[in-house]
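What follows is each chain in one-letter form.
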There are 2 protein chains.
Amino acid sequence: MTPLVNAPEQEIVYRGLKRYNYRALGERIGQLASALADLGVEFGDTVAMMDWDSHRYLECFFAVPMMGAVLQTVNVRLSSEQVLYTLNHAGPKVVLVNRDFLPLLEEIKDQLETVEKFVLITDTGDCDLGAIPVAAEYEQMVEGSSSAFEFPDFDENTRATIFYTTGTTGLPKGVYFTHRQLVLHTLVDLAAFGTTAVQGRFHQGDVYMPTTPMFHVHAWGLPYTATVLGVKQVYPGRYTPETLLELKEREGATFSHCVPTILHMMLTHPASKNVDMRGWKIVIGGSALPKALAKAAMERGIDIFCGYGMSETCPLLTTSHLSLALLSDNMDYEIEMRVTAGRAVPLVELRVVDPDMNDVPRDGKTSGEIVVRTPWLTQGYFNNPEASKALWAGSYLHTNDIGVLGTDGYLRITDRLKDVIKTGGEWISSLEVEDVITQHPAVSDVCVIGVSDAKWGERPMAIVVLKDEFIGKVDAEGLKDHMKAFVEKGIISKFGMPDRIIFVDTLLKTSVGKLDKKTMRIKYGS
Amino acid sequence: MTPLVNAPEQEIVYRGLKRYNYRALGERIGQLASALADLGVEFGDTVAMMDWDSHRYLECFFAVPMMGAVLQTVNVRLSSEQVLYTLNHAGPKVVLVNRDFLPLLEEIKDQLETVEKFVLITDTGDCDLGAIPVAAEYEQMVEGSSSAFEFPDFDENTRATIFYTTGTTGLPKGVYFTHRQLVLHTLVDLAAFGTTAVQGRFHQGDVYMPTTPMFHVHAWGLPYTATVLGVKQVYPGRYTPETLLELKEREGATFSHCVPTILHMMLTHPASKNVDMRGWKIVIGGSALPKALAKAAMERGIDIFCGYGMSETCPLLTTSHLSLALLSDNMDYEIEMRVTAGRAVPLVELRVVDPDMNDVPRDGKTSGEIVVRTPWLTQGYFNNPEASKALWAGSYLHTNDIGVLGTDGYLRITDRLKDVIKTGGEWISSLEVEDVITQHPAVSDVCVIGVSDAKWGERPMAIVVLKDEFIGKVDAEGLKDHMKAFVEKGIISKFGMPDRIIFVDTLLKTSVGKLDKKTMRIKYGS
């Protein structure tokens, strides 16, 4: 592997607890493979990982697939029933588990159908057994094994990873990727993030710190990218704003990625005042980046921009890197582009189509569903031919996102296909209505959903969380007055004005922090 | 193709004669394919191209392989007999030929076995037929054809290109590359040139001008890379120092690549004084970059560095991009690293081995043959199983170059395997001896070869070209005195002191400007 030769002394850091170099990484990958082989892991077996973001996770990213085995990255935020379902569906032989998730595992251990061995992960190295029969402790096991593992050659289309996505409906679905796909995705990550003229570049002089979970689409593939670059890597373990800010400051992180919620937490935490954030490049993904949050980040000197993709796409499809022509001294102008999904990265064929799969005009106005082709998209859901067929209808992967493509190639996501509100023959973007409501100074959080309507088909409804100091002082009429100005300017359609606005203490969110509109439609929409 | 969507207005320039944008490039690629199909080109056919570096060549780089046909990039510097051999060996159905090469083609046309049609290329559009029966003129043919060509889907392992390398011995050998290989090579080009921290970066804000022939390993693949980047591209046609310098200045080229000879020509031409070369990134390949030339370039503000590879490797294997730690205010220190072959780019497994294929120590001192593996290496020579077997002996591609690998991963090429002088059991690098002799102020050019010796096996001999003003004033003894200091400092071995030094007016060079040591060994070595 080139970085082991080119950057052998470069550091990999786990919190304040562990620090080693790429030469050691190479040795430990061999040691981990030897240890797993001793536990009985063979070509084609599955190994499940349940840990926070760590150097151990990085070691698994390489060692398990390089053995010809499949790495299951378990979403530890799911309910124990869902974790049980995903483990039994993927069928791991060995589970590596951080002690923090032992209580979860203890609940379901008697129902696990395929697991033969557990390996305990602790930061301290002690091995308290509890109710789970543990075969080894991770660090002892790695250190006690030989680094001279003979990694086999095999077909590049061998499965390397699997994880589960909790989509719109039904049971979690298994998404899997092959070696070929991971390599291509990594190369295109390097190309997309490396070759930007100025803004948002990821290069060999950076310090990388992930702040999205490694179980979620391989932390967007960026740990692979960082390793090929040979940069210093900083793994934060369990996320708390304090830890992230402290590591950013102490280890000098310059390139990170997260969902808007994490960025918001870091910016608003009291400790953030003492952290110099200038030049920190942060890619936002997972959900739309609100302009106000982008502005708050830029005012701290953060180079903020977006990536777009989904579990099924490995995930990278587009980035909102600003071309030279778009760089300006006008922060508000730049933010307009920085919050878009951006432009397709190399090899991505991206189309915006009508329901008959005809391209809609590329005019910055006409919306349609985003469908894509590129060699690193999942070929289907694991053992789920029906969902796979729907995903790939018409030989393009369907994102179920609604977007608008500009003449400059920049893509704007206007809504999820299922969240679009179809009212009187018109499509209203729930996100656009949410954006307008958010601009009222009293609003802390908002969700707009479509509810059934006998006359119009659907009508929008807004579910609003007020800031503490405004509770009882702002009502539905006040918000509607606020919205009228946007209707008059043509920013939203008059059909987008919600019939009902209700106030709640908190919005329902999914395990990865997105608005759970499905459940809210059931709860509030009838 | 993403750049057609992301950078539709970006320019492609051919000398002062043609200027169009990427949208037009996309249309012209379709038009060219339609026109070639009308001429009878089908999937699997070969189309030969004989042109200077031009927008037309770029169009062929895409249109011909995308049809499923094979593009033969003809080395127009070979003798007419060699061109005849390569055309009959590759078997093109159609030949596209610049009028400048008609005399060459006229000599051999009666012996061409497979060619059915000729297309004439002119800068002026007129179609004078001469002795070659021309089916069409390129520009008229393209403009008169439909852009709506339906490019087929096919296996990625389909051959895309072929060209011939005139190696050490025997007939030219056909080297071919598949779509898969070109795509992987392009992605790694983007990764290697894009992600460098500071020095020698190729990015979306650059202006690209090739100054190596497009017939030679696809101009190192960089026209493909430039197109994916969506940068402005400047094609210079036939190289003259005046044209290159004028285009550099007028079109603002910022990224180029060439052999040392071209760089030397540009730096020493009188017109170069009026050209601002600051920030011009130039990759040097093809032969070793002398430190003195590197220094002359840096003194003009050129960001000079090296790439290493060969026809058989597509070609990129390593680049001498400086890591952040190597950037300094000391030009001489930087030059030491800039003139190396550099570090392996992603996916390249590079080994330096002894004759039994064991790795030699990675200590910056021990030399061995450089052997490589990576997915874009030619799988063999076209219709030449014997040479293919030797190329891939032991499952690694043999570069036939001798090198030394440092602890920092930087590779130094010390000689060609066949040019190493084996004297009394010791291996003497002919390049190192040449380097020492070049440092004598009277020396303009030098070649060191091994000649048979009954006692020692081989002994070094130097063939020297003196600068005009020193002719008759410096003799062999004078040069030997100069060399003694280097022997005393241990820079070269005492066995490296040539037994014979002769003076000539000019050194023999190959068609691509390299020292023709093979012929010189025959001419002077006996």
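Every chain's residues receive numbers from 1 upward, in the order its sequence appears when written. Labels are handed out in written order, letters beginning with A for the chains and numbers beginning with 1 for the ligands. Since the coordinates come from a predicted model, pLDDT governs what is reported: local features require at least 70, and pairs of side-chain atoms require 80 or more to be given and counted, while whole-chain, interface and lining totals use all residues. Just so you know, side-chain values use all the structure's heavy atoms and leave hydrogens and water out.

Undergrad: I'd like a description of the interface of chain A and chain B, backed by residues and values.
TA: Of the residues lining the interface, 36 residues belong to chain A; the matching set on chain B comes to 36 residues. Carbon and sulfur atoms supply 54% of the area that chain A and chain B bury against each other, a total of about 2,700 Å² over both sides. Three residues stand out in chain A for area buried against chain B, namely A:Asn6, A:Leu187 and A:Thr195, and they jointly supply 22% of the buried area on that side. The salt bridge criterion pairs a side-chain nitrogen of Lys or Arg with a carboxyl oxygen of Asp or Glu, the two atoms within 4 Å. The tally of links between chain A and chain B comes to two salt bridges. The partner of A:Glu156 in a salt bridge is B:Arg180, with the nearest N and O atoms 2.6 Å apart. Contacts described as polar in this section are N or O atom pairs within 3.5 Å, which, within protein, must combine one atom able to donate a hydrogen with one able to accept it, while residues neighboring in sequence count only if both atoms come from side chains. Counting across the chain A and chain B interface gives 14 residue pairs in polar contact (both at pLDDT 80 or more). Sorting the residues of the side of chain A that touches chain B by element identifies α1 (2–6), α7 (179–194), α9 (222–229) and β16 (343–344) of chain A as the ones contributing at least two each. We count a stretch as a helix when DSSP gives it H or I for four or more residues in a row; a strand needs E for two or more, and each element gets its number in order from the N terminus. Counting residues per element, the side of chain A that touches chain B draws most heavily on α7(A), at eight residues. Residues are grouped as follows: Ala, Val, Leu, Ile, Met, Phe, Trp, Tyr, Cys and Pro are nonpolar; Asp, Glu, Lys and Arg are charged; every other residue, Gly included, is polar. Here the residues of the side of chain A that touches chain B are counted per class, giving 18 nonpolar, 10 polar and eight charged. Contacts are assigned to residue pairs with any non-hydrogen atoms lying within 4.5 Å of each other. By buried area we mean the combined loss of accessible area, with a 1.4 Å probe, across both parts when two parts are placed together.

Undergrad: Can you lay out the pattern of salt bridges for me, pointing to particular residues and giving the numbers?
TA: Between side chains of opposite charge, a pair can form when the charged atoms approach closely. Applying the stated rule across the entire model yields 62 salt bridges over all chains. Here B:Lys232 and B:Glu11 are joined by a salt bridge, their closest N and O atoms 3.8 Å apart. With B:Lys232 in strand β11 (residues 232–235) and B:Glu11 in strand β1 (residues 11–14), this pair connects stretches of sequence that are 221 residues apart. Here B:Glu434 ties to B:Lys517 by a salt bridge, and the two come within 2.7 Å at their closest N and O atoms. Highlighted residues: B:Glu434 in helix α15 (residues 430–438) and B:Lys517 in helix α17 (residues 517–524), separated in sequence by 83 residues. Type-normalised accessible area, obtained with a 1.4 Å probe on protein chains alone, sets the label of each residue: buried when under 20%, exposed when over 50%, and partly exposed for intermediate values. On the basis of relative accessible area, B:Glu434 is assigned to the buried category, the value being 8%. Accessibility expressed as a relative area gives 6% for B:Lys517, which makes it buried. Salt bridges sharing partners connect three or more residues here, namely A:Glu11, A:Arg19, A:Lys232, A:Glu246, A:Arg250 and A:Glu251.

Undergrad: A description of the sheet that holds strand β20 (residues 411–416) of chain A should follow, citing residues and the corresponding values.
TA: Whenever strands of a sheet pair, they do so through backbone hydrogen bonds, lying parallel or antiparallel. Residues and elements named next belong to chain A. Whether two strands pair depends on DSSP finding at least two bridges between them. Pairing is antiparallel in the open sheet, where four strands are placed in the order β17-β18-β19-β20. Each edge of the open sheet is held by one strand with a lone partner, namely β17 (349–353) and β20. For this sheet, the mean inter-axis angle between neighbouring strands, taken without regard to orientation, is 45°. By the bridge criterion, five bridges tie β17 to strand β18 (residues 367–373) in an arrangement that is antiparallel. Its bridge partner lying in β18, valine 352 is registered against isoleucine 370. Orientation is described by axes fitted as lines to C-alpha atoms, over the contacting stretch for helices, and by angles from 0 to 180 degrees between their N-to-C directions.

Undergrad: Tell me about the domain arrangement of chain A, and name the residues and values.
TA: In many analyses, interface size is given as the accessible surface area lost on bringing the parts together. Residue and element names in this part refer to chain A. Bear in mind that the domain bounds are from an automatic or database domain assignment. Under the domain assignment used here, chain A contains domain 1 (19–154), domain 2 (179–416) and domain 3 (421–524). Centre-to-centre, using C-alpha coordinates, domain 1 lies 28 Å away from domain 2. Contacts between the two partners involve 21 residues from domain 1, matched on the other side by 23 residues from domain 2. Summed over both sides, the interface between domain 1 and domain 2 buries roughly 1,900 Å², with carbon and sulfur atoms accounting for 64% of that surface. Contact with domain 2 buries area across many residues of domain 1, yet Tyr22, Asp53 and Phe61 alone supply 37% of it, more than any other trio. On the surface where domain 1 and domain 2 come into contact, there are one salt bridge. Between arginine 19 and glutamate 251 there is a salt bridge; the shortest N-O distance is 2.6 Å. Run the count over domain 1 and domain 2 and you get nine residue pairs in polar contact (both at pLDDT 80 or more). Contributions of two or more residues to the side of domain 1 that touches domain 2 are made by α2 (22–38), α3 (55–66) and α4 (80–90). Looking at the side of domain 1 that touches domain 2 residue by residue, the class counts come to 13 nonpolar, five polar and three charged.

Undergrad: Let's hear about the environment of B:Ile428: which residues, and what values?
TA: Tracing the sequence through the fold places B:Ile428 in strand β22 (residues 426–428). When near neighbours in sequence (up to four residues on either side) are disregarded, B:Ile428 contacts B:Asp415, B:Val420, B:Ile421, B:Thr423, B:Val433, B:Ser493, B:Phe495 and B:Gly496.

Undergrad: Pulling in residues and values, what's your account of the relation of the copies chain A and chain B?
TA: Here the copies are matched by least squares. The fit uses the C-alpha atoms of residues with pLDDT of at least 70 in both. Note on the identical chains: chain A maps onto chain B by a rotation of 180° and an axial translation of 0.0 Å, with an RMSD of 0.0 Å. Look at the turn and shift together and you get a two-fold axis relating the two. Interface overlap between copies is the fraction of interface residues in one copy that are interface residues in the other; for chain A against chain B it reaches 100%, indicating a shared surface.

Undergrad: Describe the packing of aromatic side chains, with residues and values.
TA: Residue and element names in this part refer to chain A. Side-chain rings of Phe, Tyr and Trp, where Trp is taken by its six-membered ring, are said to pair if the distance between their centres is within 6.5 Å; with planes under 30 degrees apart they count as stacked, over 60 as edge-to-face, and otherwise as tilted. Tallied over the full model, the rule gives 26 aromatic pairs over all chains. Measuring from ring centre to ring centre gives 5.6 Å for tyrosine 57 and phenylalanine 61, while their planes differ by 85°; the resulting arrangement is edge-to-face. Residue tyrosine 57 and its partner phenylalanine 61 are located together in helix α3, separated by four residues, close to a single helical turn. Neither residue differs from the other here; tyrosine 57 and phenylalanine 61 are each classed as buried. For the ring pair tryptophan 456 and phenylalanine 495, a centre distance of 6.4 Å and an interplane angle of 50° mean the geometry is tilted. Placement of the pair is tryptophan 456 in the loop between β23 (443–453) and β24 (457–466) and phenylalanine 495 in the loop between α16 (476–488) and β25 (500–503), with a sequence separation of 39 residues.

Undergrad: Please set out a nonpolar patch on the surface residue by residue, giving values where relevant.
TA: A patch consists of residues exposed above 30% relative accessible area that lack any salt bridge, with like charges linked at up to 9 Å and nonpolar side chains (Val, Leu, Ile, Met, Phe, Trp, Tyr) linked at up to 5 Å. Using a 1.4 Å probe, the Shrake-Rupley method yields the accessible areas, and only the shown protein chains count as cover for residues. On the surface, a nonpolar cluster with roughly 240 Å² of combined accessible area is contributed by A:Val198, A:Leu324 and A:Leu327. Judged by its relative accessible area of 52%, A:Val198 is exposed.

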